[in-house]
Amino acid sequence: MKRLLISIFFIIASLWCIDRLGGVAMHYVSRNTHDIFGPKMKHIAVDADEDIILMGTSRCNMHYVPSIISDSVGQTVYNCGIDATKDIFSHYIMLNHLLSHHTPKVIILDTRNEDLLGSSDFSTIGFFAPYFGINSSSDSVMREAGKYWAYKVSHLYRYNAKAPSNILGLVVDSYANNDNGYIPLARPQDHPQELIHKTDTMLPLDSLKYDYYQRFVNRCHEHGIRLILAISPCYSIIDSSYYSAVYSFAKQNNLQLLDYHSEGLFHDCPQCFKDDHHLWDSSARVFSEQFAHDLKQILAHSANN
Amino acid sequence: MLFNSLTFLIFFPIVCIVYFLLPTTRYRNLFLLAASYYFYMNWEPAYALLILTSTIITYGCGILVEKSTDKKRKRTFLTTSLVLNLSILFLFKYYNFIGDSITDMLHTCGIAWQVPGLHVLLPVGISFYTFQAIGYTIDVYRGTIRAESDFFTYALFVSFFPQLVAGPIERAKNLLPQFHEEQHTLDYDRIMAGLRMMLWGYFLKLCIADRCGIDVDMVFNNVDKYTGTSYIITAILFTFQIYGDFAGYSLIAIGAAKVMGFRLMENFHRPYFSTTVGEFWKRWHISLSTWFMDYLYIPLGGNRVGALRHYFNLFVTFLISGLWHGANWTFVAWGALHGIVLCVEKAIGISKKQFSGISKLIHWGITFIIVCFAWILFRANSIDDAVTIICGIFTQIGRPRLDPANLMADIIALSILFVVELLQEHGKGGMLLHPSSWFARHLQMALLIAFILLFGVLGSDQFIYFQF
């Protein structure tokens, strides 16, 4: 029994040492990698100083070209969109990291129904774990996701979600051709085949998502940031009530909402899309010009008022 | 309860501590029985009734078979046990498959009638515990073992939690006597060996199976969006995913049982080093292969019949083995393909040959390609998907569209597996795999846990073989 306890103690003690040393090494890797996620997250948490910040999922990442928007509105722009961060919790974490060192003038959140509807999903929370322990508001989301103690105990585990990508990013530079966070998507081999009609299959409103969305809005208000919601183009036809939850939320909070999906932008151009949800580089540039024009009008209008 | 869940990591030490604290074998067995049912009921409480039903049927029939002096009565009780158990298995696992197949067939003939479906969940591990229980009844009938008189001990044999939901499918003559052994003691070396096995099992599951599974699922669930090179890479990855998943589960099961003092049979013996498909089946899912050999292939006549009948026996055994794996034509096709290849190997006389040098390397390559190819049928969601993938492999070679970072993690983990198994295969892994130094042995365990923490896919919620 004594031998067994000594063995278990030794394994735990050596694991603790390896975990802490590994944590230090992975900290270096995550801050110096050239994959897509690492530099973006570092920019948000440490370096960001732009006037306009774009946030959202891969749809944000692939649709908004900062240089085009910047040229049009005359302000600096950074695209913080991160692939697969399909929940408001991720955006809330990023916002808190950003606000810890910089207050932009405008934040544009490329939103989706899933930011408010459907069950709470914390599956991509791990992406942000390398920045655990820095910001208490962000850490509170980890607690909500039931991951707080795991990240508190193991430093190595904090890097689990993006470890392969971070390590590969030391030798392969995937971020080289970025345009202030925008990663151009090459012309795809295939395009969506048919314009699908999405019927109104409304998922229930999730109170936790709603709460965090509201917190997101409140944090922006507290810092005097102008928050604008946007829904970028999708290759599908939708009913007028499809985004009713997002519209209702925007109205309640007196937020401007730019909905390019309901408008049917690019519906006559299947070759503009990589798939139902993503434009590729050429069409993203066309879209960015239109978006920049609309944004310029909104900003000019508010300046006049 | 999943082995790779936090619940199990709390459950298992508690079970071990209480188990070793209990004073007698009787109390320990009763405690393990309660723990095993708790383990199973954690998933779907009502389905524990199915295990109980199977236990009662086979226990009762076992005693009746043994007590009967008349051979005809013995056979009647055996048949009762088989029919009842297989009926439960059929109802929950195969009813909808057969019903849908009949409906499709009638539709093809222009008859618009639908066999009513059964909307039930497939009970986890039903094929495993049903086969284990059936094996017991057959063994009693054959006189290989005595019928177990104590119901609770027998119930523990059927429901023993380490191997309840995904095997190894234990034989009564191996496991049952262990429940009567004198108290298992706290043996340091045995416990550490068991923990090391569990740890390697976790590595196979979390760093190999679930990591490879990310790319495999992406391609096999969207076959239209990918081309030949992606199919080839993911077919190879699936070959290791299924190995990591199933061998990983088996190792955790064997290790967990070993910690408590039980010896479960080896289920995998480095199958991908096989030089023939026949040898592959001697190394892959050994507990199932030997089950089919003992209870189906040999009763059919085995190889002590004419050549044609021998091939027929082999083919039927593998066809049923395919069906055992799942209620889908893809599994039937997978079993059939293995059956055909085995018949060909027997016919050309390579099944018993020992190869060496270049010849060994060539036969290893051929066997690996055949096994990989067959796994496409196994993993594909439908026969149509399998055909798309197979055609794509030969016609649409293009740039693979897979995440390079994930592929790199696959390659790192697979390299570790390859080195370890190569050393084991050649019996040269002694110092590296089981260092004599206490310090190195323990450090090795800590490093493996750290590797799992960094590269393991820790959010996965399923073992592939649970569905069987």
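What you are looking at is a predicted structure, and each value in this text was computed from that prediction instead of being measured.

S.K.: Before we move on, could you go through the overall build of chain B and cite the residues and values that matter?
M.R.: Looking only at helices and strands, one finds 18 helices and zero strands in chain B. Principal-axis analysis of the C-alpha atoms places the extent of chain B at approximately 70 × 65 × 45 Å. Across the 468 residues that make up chain B, the buried fraction comes to 56%. Put simply, 76% of the contacts in chain B that link residues at least 6 apart link residues at least 24 apart. Carbon and sulfur atoms provide 67% of the accessible area of chain B, an area that totals close to 20600 Å². For chain B, the distance from the average site of its 34 positive side-chain charges to the average site of its 29 negative ones is 9 Å.

S.K.: A description of the domain arrangement of chain B should follow, citing residues and the corresponding values.
M.R.: You'll often see interface size given as the accessible area lost when the parts meet. Residues and elements named next belong to chain B. You can read the domains of chain B as domain 1 (6-184) and domain 2 (189-275 + 355-455). If you average the C-alpha positions of domain 1 and of domain 2, the two centres end up 29 Å apart. Taken together, the contact pairs 26 residues of domain 1 with 17 residues of domain 2. Counting the surface domain 1 buries against domain 2, the share from its top three residues, Phe12, Pro162 and Pro168, is 27%. For the interface between domain 1 and domain 2, the tally reads one salt bridge. Put simply, Glu181 and Arg263 hold a salt bridge, and the shortest N to O gap is 2.5 Å. Looking at the side of domain 1 that touches domain 2, the elements that each hand over two or more residues are helix H1 (6-21), helix H2 (25-41) and helix H7 (172-175). Looking at the side of domain 1 that touches domain 2, the element that brings in the most residues is H1, giving seven residues.

S.K.: Lay out the sheet that holds strand E7 (residues 256-259) of chain A with the relevant residues and their values.
M.R.: Residue and element names in this part refer to chain A. One open sheet accounts for five strands, arranged E2-E1-E3-E5-E7; its pairing is parallel. Strands with a single pairing partner mark the edges of an open sheet, and in this sheet they are strand E2 (77-79) and E7. When strand polarity is set aside, the average angle formed by the axes of neighbouring strands in this sheet is 20 degrees. Across four bridges, the pairing between strand E1 (residues 52-55) and strand E3 (residues 106-110) is parallel. If you follow Met55 over to E3, its bridge partner there is Leu109. Seen against the sheet, helix H4 (residues 66-73) touches E1 and E2 and runs at an angle of roughly 155 degrees to E2.

S.K.: An account of unusual backbone geometry is needed here, citing residue identities and associated values.
M.R.: Residues and elements named next belong to chain A. Residue Ala84 is not a glycine yet carries a positive backbone phi of 70 degrees. Looking at the element boundaries, Ala84 is found in the loop between E2 and helix H5 (88-99). Note on Ala84: relative accessible area 38%, which makes it partly exposed. Positive phi is not limited to glycine here, since Phe266 has a value of about 70 degrees. Looking at the secondary structure, you find Phe266 in the loop between E7 and strand E8 (273-275).

S.K.: Mind laying out H1(B), listing which residues take part and the relevant values?
M.R.: Residues and elements named next belong to chain B. When the terminal C-alpha atoms of H1 are compared, their 23 Å separation across 16 residues agrees well with the 22 Å that a helix rising 1.5 Å per residue should span. Looking only at H1, the buried set comprises Phe8, Phe11, Phe12, Val15, Cys16, Tyr19 and Phe20. Each buried residue of H1 sits inside an arc of 145 degrees when the element is viewed along its axis, so together they form one side. Structural note: H1 exposes Leu6, Ile17 and Leu21 on the side pointing more than 90 degrees away from its buried face. Turning to H1, the residues buried within the fold contact H2, helix H8 (188-220) and helix H9 (228-260).

Parameters and conventions
Residues numbered from 1 in each chain as written. Chains lettered and ligands numbered in written order. Predicted model: local features only at pLDDT ≥ 70, side-chain atom pairs only at ≥ 80, totals over all residues. Heavy atoms only, no water. Helix = DSSP H or I, 4+ residues; strand = E, 2+ residues; numbered from the N terminus. Buried < 20%, exposed > 50% of the residue type's maximum accessible area, 1.4 Å probe, protein only. Contact = heavy atoms within 4.5 Å. Areas by Shrake-Rupley, 256 points an atom, 1.4 Å probe, with all protein chains shown as cover. Lys, Arg positive; Asp, Glu negative; His and termini not counted. Charge placed at Lys NZ, Arg CZ, Asp CG, Glu CD. Domains from an automatic or database assignment. Buried area = accessible area lost by both parts, 1.4 Å probe. Salt bridge = Lys/Arg side-chain N within 4 Å of Asp/Glu carboxyl O. Pairing = 2+ DSSP bridges. Axes fitted to C-alpha atoms, helices over the stretch in contact; angles between N-to-C directions. Expected span 1.5 Å × (residues − 1). Arc of directions from axis to C-beta.

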